[in-house]
Amino acid sequence: MEENSRRSMLKKMAAGGLAFAAAPSLNAFAKSENEAYQLKGNINHSVCQWCVSFVTLEEMCQWINSMNVKAIDLIKPQDWSMLQKYGIECSMCYTDGKISLTEGWNHTENHSWLIEDFKRSIPLVGAAKYKNLICFSGNRNGMDDETGMNNCVKGLKEIMSLAEKNNVIIQMELFNSKIDHNDYMADKSAWGVELCKRIDSPNFKLLYDIYHMQINEGDVIRTIKDNHQYFGHYHTAGVPGRNDIDETQELYYPAIMKAIHETGFTGFVAQEFIAKGGDNATKLTALQKGIEICDV
């Protein structure tokens, strides 16, 4: 980002958040432009760091604070000190080792390095007073889903006692395998729920990504209501396109967030969409509007 543009954007942040008046109307999604932006406190909001990678992490922390949002998703341990400087929580942690979406717990040849990585990282998460540590099933690579599930159970049970001891929740993310993550095994909520039942620990849950599950199976609100006890975290994005939560996409997020709140959920909902077009300030405005739309 050019220095003048960066300085201008930070001035907007310091003034108490990005201006909404210049942004296009969101019709049924939107509040009045004259209504003050305030968080209701029913949803714990977060934003995924990779979606704001066009600014530095410190600038992101400043922006997050300008909105009274308290958390950032998907940060490795070496960057937690920056969040702590600004009083921000890491709402979903990465391990401090290798991050692979395709090489996961469903293949036993990955267990040795995964177990070592998680046994090293779980105490770090606990010591930082964070809660959530992400994991991935990995791709099938010709493996049937039952074998993959059994392998996941075998490997993950090797770390669950340590997670329980450190009050850390291991969360496996559900992805769509139709558009974004071809061949990924944990591509259906029913598969993930059965995995939770077999692991049988309060410290293992699913990261229910609303965007991904809308693409692979739909029926989002019913799924959340029926299985909320297994969902420890949520991600958002517009469908199709993984872009802004606005009137151009098919999901109605106010109803989805209301359903999540009614389950008694007290975890985090993180914005994870790629803001469309415009300069960086416009992209941040889109993400801020996503938070507002989800703030039921």
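That block above? That's the structure.
Residues numbered from 1 in each chain as written. Predicted model: local features only at pLDDT ≥ 70, side-chain atom pairs only at ≥ 80, totals over all residues. Heavy atoms only, no water.

## Observations concerning the layout of surface pockets
One way to see where empty space is left: roll a probe the size of a water molecule over the atoms. Taken as a whole, the second largest pocket spans an internal volume of roughly 280 Å³. Elements supplying a minimum of two residues to the lining of the second largest pocket: strand 5 (169-173) and strand 7 (231-236). Considering only residue class, the lining of the second largest pocket consists of four nonpolar, nine polar and three charged. (1 Å grid on protein atoms, 1.4 Å probe; cavity = no way out; pocket = protein on both sides within 12 Å on 5 of 7 lines; lining within 4 Å. Points joined across faces, edges and corners; volume = space filled by probe spheres on them. Helix = DSSP H or I, 4+ residues; strand = E, 2+ residues; numbered from the N terminus. Nonpolar A, V, L, I, M, F, W, Y, C, P; charged D, E, K, R; others polar.)

## Here's the deal with the side chain of Ser100
When you line up the elements, Ser100 lands in the loop between strand 3 (89-93) and helix 4 (111-127). What makes Ser100 buried here is its relative accessible area of 12%. A distance of 3.4 Å separates a polar side-chain atom of Ser100 from the backbone nitrogen of Thr102. In this structure the side chain of Ser100 is engaged in a polar contact, spanning 2.9 Å, whose partner is the backbone nitrogen of Glu103. (Buried < 20%, exposed > 50% of the residue type's maximum accessible area, 1.4 Å probe, protein only. Polar contact = N/O pair within 3.5 Å; in protein donor to acceptor, adjacent residues only side chain to side chain.)

## Observations regarding the pattern of salt bridges
Scanning all chains against the criterion turns up 13 salt bridges. Here Glu194 and Arg198 are joined by a salt bridge, their closest N and O atoms 2.9 Å apart. One end of the pair, Glu194, and the other, Arg198, are both in helix 6 (residues 189-199), four residues apart, so they sit about a helical turn from each other. Here Glu272 and Arg242 are joined by a salt bridge, their closest N and O atoms 3.3 Å apart. Of this pair, Glu272 sits in the loop between strand 8 (268-271) and helix 10 (280-294) while Arg242 is found in the loop between strand 7 and helix 9 (253-262), placing the two residues 30 residues apart along the sequence. A single burial state applies to Glu272 and to Arg242, both of which are buried. Here the residues in one salt-bridge network are Arg140, Asp145, Asp187 and Lys188, joined through shared partners. (Salt bridge = Lys/Arg side-chain N within 4 Å of Asp/Glu carboxyl O.)

## So, helix 2 (residues 57-66)
Among the 10 residues that make up helix 2, seven are buried, leaving the element largely enclosed by the rest of the structure. Within helix 2 the residues assigned to the buried category are Leu57, Glu59, Met60, Cys61, Trp63, Ile64 and Ser66. Following helix 2 by one or two positions, Asn68 adopts a phi angle in the positive range, close to 60 degrees.

## Brief notes about the pairing of strand 2 (residues 71-75)
Within strand 2, five of the five residues are buried, leaving the element largely enclosed by the surrounding structure. Here two bridges tie strand 1 (residues 44-48) to strand 2, and the two strands are oriented parallel to one another. Looking across to strand 2, one finds that Val47 is bridged to Ile72. Taken together, the four bridges between strand 2 and strand 3 define a ladder with parallel strand orientation. When the sheet's bridge partners are listed, Asp73 is paired in strand 3 with Met92. In the classification by handedness, the crossover that spans strand 2, the intervening helix 3 (residues 80-85) and the parallel strand 3 is right-handed. (Pairing = 2+ DSSP bridges. Right-handed = clockwise from strand over helix to strand, strands pointing away.)

## A word on the packing of aromatic side chains
Each pair of aromatic rings is reported with the distance of its centres and the angle of its planes. Inspection of every chain in the model, using the stated rule, returns eight aromatic pairs. Ring geometry for Phe136 against Phe175: centres 5.8 Å apart, planes inclined by 20 degrees, an arrangement best described as stacked. Of the two residues, Phe136 sits in the loop between strand 4 (132-135) and helix 5 (145-165) while Phe175 sits in the loop between strand 5 and helix 6, which places them 39 residues apart along the sequence. We classify Phe136 as buried; its relative accessible area is 8%. Given a relative accessible area of 4%, Phe175 falls into the buried group. Put simply, the rings of Tyr208, Phe231, Tyr234 and Phe265 touch in pairs and so form one group of aromatic residues. (Phe/Tyr/Trp six-rings, centres within 6.5 Å; stacked < 30°, edge-to-face > 60°.)

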